[in-house]
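The primary structure of each chain is shown beneath.
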Amino acid sequence: MTKLAPIRSALIMLAGMLLAIYSGAPLLAGAPCQAIVIDPVAAVENADSILERDDILTGISQYRLNKRTGLAEFCSHGGYCYPADNVKVGNPVEALHLLNCSIGPKKDEDDDYEYFSLKLIRSIMTTESKLRHNLLDQLGELGLCNACADNVANYINLQPNSRCAHLAKKALEGNQKATSTLVSNPEYCVWKY
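Caption draft 1: Local environment of the overall build of the protein chain. Scanning the protein chain from N- to C-terminus turns up five helices and 11 strands. With 193 residues in all, the protein chain has 40% of them scored as buried. Of all intrachain contacts in the protein chain linking residues separated by at least 6 positions in sequence, the fraction that spans at least 24 positions is 51%.

Caption draft 2: Representation of the pattern of salt bridges within the structure. Scanning the model with the defined rule gives five salt bridges in all. The salt bridge involving Glu 109 is made with Lys 67; its shortest N-O contact spans 2.5 Å. Of this pair, Glu 109 sits in strand β10 (residues 101-109) while Lys 67 sits in the loop between β4 (56-66) and β5 (72-76), placing them 42 residues apart in sequence. On the accessibility criterion, Glu 109 (38% relative accessible area) is partly exposed. Salt-bridge contacts for Lys 192 lead to Glu 187; the nearest nitrogen and oxygen are separated by 3.1 Å. Residue Lys 192 shares its accessibility class with Glu 187, and that shared class is exposed. Salt bridges sharing partners connect three or more residues here, namely Lys 67, Lys 106, Glu 109 and Glu 114.

Caption draft 3: Looking closely at unusual backbone geometry. Phi at Asp 54 is positive, roughly 75 degrees, even though this residue is not glycine. Assignment of secondary structure puts Asp 54 in the loop between β3 (50-51) and β4. Its identity is not glycine, yet Asn 185 carries a phi of approximately 60 degrees, on the positive side. Secondary-structure assignment places Asn 185 in the segment after α5 (176-183). The partly exposed category is assigned to Asn 185, whose relative accessible area is 31%.

Caption draft 4: Structural view of the packing of helix α4 (residues 163-172) against α5. Where α4 meets α5, the closest approach of the two axes is 7 Å, and the angle between their N-to-C directions is 125 degrees. Relative to α5, the element α4 lies oblique. Classified by chirality, the crossing of α5 by α4 is left-handed. Across from Leu 167, Ala 168, Lys 170 and Ala 171 in α4, the residues of α5 making contact are Ala 178, Thr 179, Thr 181 and Leu 182. Its residues placed into classes, the contact of α4 with α5 shows five nonpolar, two polar and one charged.

Caption draft 5: Highlighting the packing of aromatic side chains. As enumerated under the stated definition, the model contains four aromatic pairs in all. Between the aromatic rings of Tyr 63 and Phe 74, the centroid separation amounts to 5.2 Å while the plane-to-plane angle is 50 degrees, which identifies the pairing as tilted. Of the two residues, Tyr 63 is situated in strand β4 and Phe 74 in strand β5; the sequence distance between them amounts to 11 residues. Overall, the relative accessible area of 3% leaves Phe 74 in the buried class. Both rings, one in Tyr 113 and one in Tyr 115, keep their centres 6.1 Å apart while their planes meet at 45 degrees; by these two values the pair is tilted. Here the basic side chain of Arg 64 rests over the ring of Tyr 113, its NZ or CZ set 3.9 Å away from the ring centre.

What counts, and where the lines are drawn
- Residues numbered from 1 in each chain as written.
- Predicted model: local features only at pLDDT ≥ 70, side-chain atom pairs only at ≥ 80, totals over all residues.
- Heavy atoms only, no water.
- Helix = DSSP H or I, 4+ residues; strand = E, 2+ residues; numbered from the N terminus.
- Buried < 20%, exposed > 50% of the residue type's maximum accessible area, 1.4 Å probe, protein only.
- Contact = heavy atoms within 4.5 Å.
- Salt bridge = Lys/Arg side-chain N within 4 Å of Asp/Glu carboxyl O.
- Axes fitted to C-alpha atoms, helices over the stretch in contact; angles between N-to-C directions.
- Parallel < 35°, antiparallel > 145°, perpendicular 65-115°, else oblique.
- Left-handed = near helix turned anticlockwise from the far one by under 90°.
- Nonpolar A, V, L, I, M, F, W, Y, C, P; charged D, E, K, R; others polar.
- Phe/Tyr/Trp six-rings, centres within 6.5 Å; stacked < 30°, edge-to-face > 60°.
- Lys NZ or Arg CZ within 6 Å of the ring centre and 35° of its normal.

This is the structure in structure tokens:
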């Protein structure tokens, strides 16, 4: 039975990846990274928010390591953080498996957490998601945080005539005043989920 566990996990991961890639939903609906639930898991901030097996956690914008417990968590933009592993009988069991991203080098830390970058696996991205990711990269290069860039990209793509989209276009064209305003994260550039 234990010899079959890695095969079962790989098949679940593959099925989830295919579901994410070939479903009608775009791969990058929010922030780019997604994970499939291998083992049901509750949110760190709200034990009543439970992801069930085969659910897809979308909009993952952060991977962090808890310094006190040593356990990793995936955080979803505008949502909760979920443990990457469940601890059962003292052993970690994979709860979430990334579908379209990998974990990069450490990029920051505070008193409680170490934060790591997330890297998209571009070979499995759709053309639409590649364009969105390029936009997110450009916004990040202007100095926007990941969540801020995601908000602005939503305005550019979904409400191109909005005040935020016009400001972003000016900033992307090199207007320094527009860039400063955009980086300050004005209220009219916060996407309402």
